[in-house]
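Survey of secondary and tertiary structure
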Amino acid sequence: MDEILEKLKQYLNSLEQCKIDWEKLKEDGYNISSTDEHGELWFNAVGTLRTFLKRMTLDACRKGLKSEILEYAWLDDVIKYANDTLEYYRSLAGLREIDERSSEVACNFLTLAFENYVVRVNKDFLKTCQQFEIEEKDMLKILKMLDRLADFYVSNCYSCSIIKKDFKHESDLSDAACEKFTDLVEKNYMEIKMNLIYNRLCYLQENR
C-alpha cells in the first residue's frame with residue numbers, strides 16, 4: 001500500500017504542475033485520450049487511484065490522500081470520478097468471491113448467467129443463489145452488470161481480445177473466468193445483438 005501511495009502522490013503532484021483547465025475537464029466528463037498532451041499521466045493517475053480505492057472506502061481514500069498530499073482544489077472531483085469508474089468492479093464482488101473459491105464454479109455461474117439472464121430470462125434463476133453461497137441481492141447485482149457489459153461489448157463491436165482485456169480490467173476475475181465470459185459473448189453475439197435491436201425498436205415505438 002505504501003508503494004502505491006508514493007506512486008499516486010507522484011502522479012497527482014505532476015498533474016498539479018500541468019496547465020490543465022480542471023473546470024472544463026470536469027464539464028467534459030474527464031474525456032481525455034491517451035494521445036492528449038497529459039493523457040498518459042492522467043491514465044496512470046486514475047489507474048493508481050482505482051487500485052487505491054479498491055482497498056478502501058471513498059471517504060477513507062480522501063482522508064488518506066489529504067493527510068499525505070497538498071489539498072489541490074481539483075482532487076476531490078478526480079477521486080470521485082475514479083471511484084465512479086469502479087461501479088462494475090464493486091457490483092461483481094460476489095462473483096470474485098466465487099472465483100476465489102473455485103474458478104471452475106465461477107465459469108459455471110457465468111454460463112448459467114448467460115442462459116438465464118443475459119440472453120434469456122429465467123425468473124427462478126435467482127433462487128439458486130444459495131448454491132453459489134451468495135445473497136440474492138448480490139446475485140442480482142452480478143447479473144445486471146454482466147448483462148450491461150455484454151450489451152456494451154456487442155453494441156461497440158469489440159473483438160474478443162479487447163473484451164477479455166477490458167473485462168479483466170473491470171472485474172479483476174481470474175484469467176479462466178475472463179476467458180469464459182469472452183467465449184460466452186462470442187457464442188451468443190448475434191442473439192445479444194438481436195436483443196439490443198429489438199429493445200431499441202420497442203423504445204422508438206413507445207416514444208414516437
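Bear in mind that the values here come from a model prediction, so they are computed numbers and not experimental data. (Residues numbered from 1 in each chain as written. Predicted model: local features only at pLDDT ≥ 70, side-chain atom pairs only at ≥ 80, totals over all residues. Heavy atoms only, no water.)

**Focus: the pattern of salt bridges**
Heads up, the condition is: One speaks of a salt bridge when a side-chain nitrogen belonging to Lys or Arg is within 4 Å of a carboxyl oxygen belonging to Asp or Glu. Under the DSSP-based scheme used, a helix requires at least four consecutive residues in state H or I and a strand at least two consecutive residues in state E, with every element numbered from the N terminus. Residue burial is assigned from relative accessible area. The probe radius is 1.4 Å, only protein chains are included, and a residue is buried under 20% of its type maximum, exposed over 50%, and partly exposed in between.
Under the definition given, this model contains 12 salt bridges. Between lysine 80 and aspartate 84 there is a salt bridge, with its nearest N and O atoms 3.0 Å apart. Of this pair, lysine 80 and aspartate 84 are both found in helix α5 (residues 75-84), 4 residues apart, which corresponds to roughly one turn of the helix. Assessed through its relative accessible area of 41%, lysine 80 is described here as partly exposed. Across the pair lysine 164 and glutamate 179 runs a salt bridge, and its minimum N-O distance is 2.6 Å. With a gap of 15 residues between them, lysine 164 in helix α10 (residues 160-171) and glutamate 179 in helix α11 (residues 175-187) connect regions that are remote in the sequence.

**Focus on the packing of helix α1 (residues 2-17) against helix α3 (residues 39-53)**
Note the cut-off: Here, axes are lines fitted to C-alpha atoms. For helices the fit covers the stretch in contact, and angles between N-to-C directions go from 0 to 180 degrees. Handedness of each helix crossing follows the sense of rotation of the near helix against the far helix: counterclockwise by less than a right angle gives left-handed, clockwise gives right-handed. In this analysis, two residues are considered to be in contact whenever any of their non-hydrogen atoms come within 4.5 Å of each other. Each residue receives one of three labels: charged for Asp, Glu, Lys and Arg, nonpolar for Ala, Val, Leu, Ile, Met, Phe, Trp, Tyr, Cys and Pro, and polar for the others, Gly being one of them.
For the pair α1 and α3, interaxial distance at closest approach is 9 Å and the crossing angle is 145 degrees. In the crossing of α1 with α3, the sense of the turn from one axis to the other is left-handed. On the side of α1, the interface is formed by Ile4, Leu5, Lys7, Leu8, Tyr11, Leu12, Ser14 and Leu15, while α3 contributes Leu41, Trp42, Asn44, Ala45, Thr48, Leu49, Thr51 and Phe52. A breakdown of the residues in the contact of α1 with α3 according to their chemical character gives 11 nonpolar, 4 polar and 1 charged.

**A word on the packing of aromatic side chains**
Convention followed: Ring pairs shown here join Phe, Tyr and Trp side chains whose ring centres sit within 6.5 Å, with only the six-membered ring taken for Trp; geometry is labelled stacked below 30 degrees between planes, edge-to-face above 60, and tilted in between. Two conditions define a charge sitting above a ring: the NZ of Lys or the CZ of Arg must be within 6 Å of the ring centre, and it must be within 35 degrees of the ring normal.
This structure, assessed with the given rule, holds 13 aromatic pairs. Geometrically, the ring pair formed by phenylalanine 109 and phenylalanine 132 is edge-to-face, given 5.0 Å between the ring centres and 85 degrees between the ring planes. Taken together, the residues span a long stretch of sequence, with phenylalanine 109 in helix α8 (residues 103-118) and phenylalanine 132 in the loop between α8 and α9 (136-155) at a distance of 23 residues. With respect to burial, phenylalanine 109 and phenylalanine 132 carry one shared label: buried. With a centroid separation of 3.9 Å and an interplanar angle of 10 degrees, the aromatic rings of phenylalanine 167 and phenylalanine 181 are classed as stacked. Of this pair, phenylalanine 167 sits in helix α10 while phenylalanine 181 sits in helix α11, and the two are 14 residues apart along the sequence. As far as the burial class goes, phenylalanine 167 and phenylalanine 181 line up, both buried. Among the aromatic residues, ring-to-ring pairing joins Phe114, Phe152, Tyr153, Tyr158, Phe167 and Phe181 into one connected group. Positioned above the aromatic ring of tyrosine 89, the side-chain terminus of lysine 54 is 4.8 Å from the ring centre.

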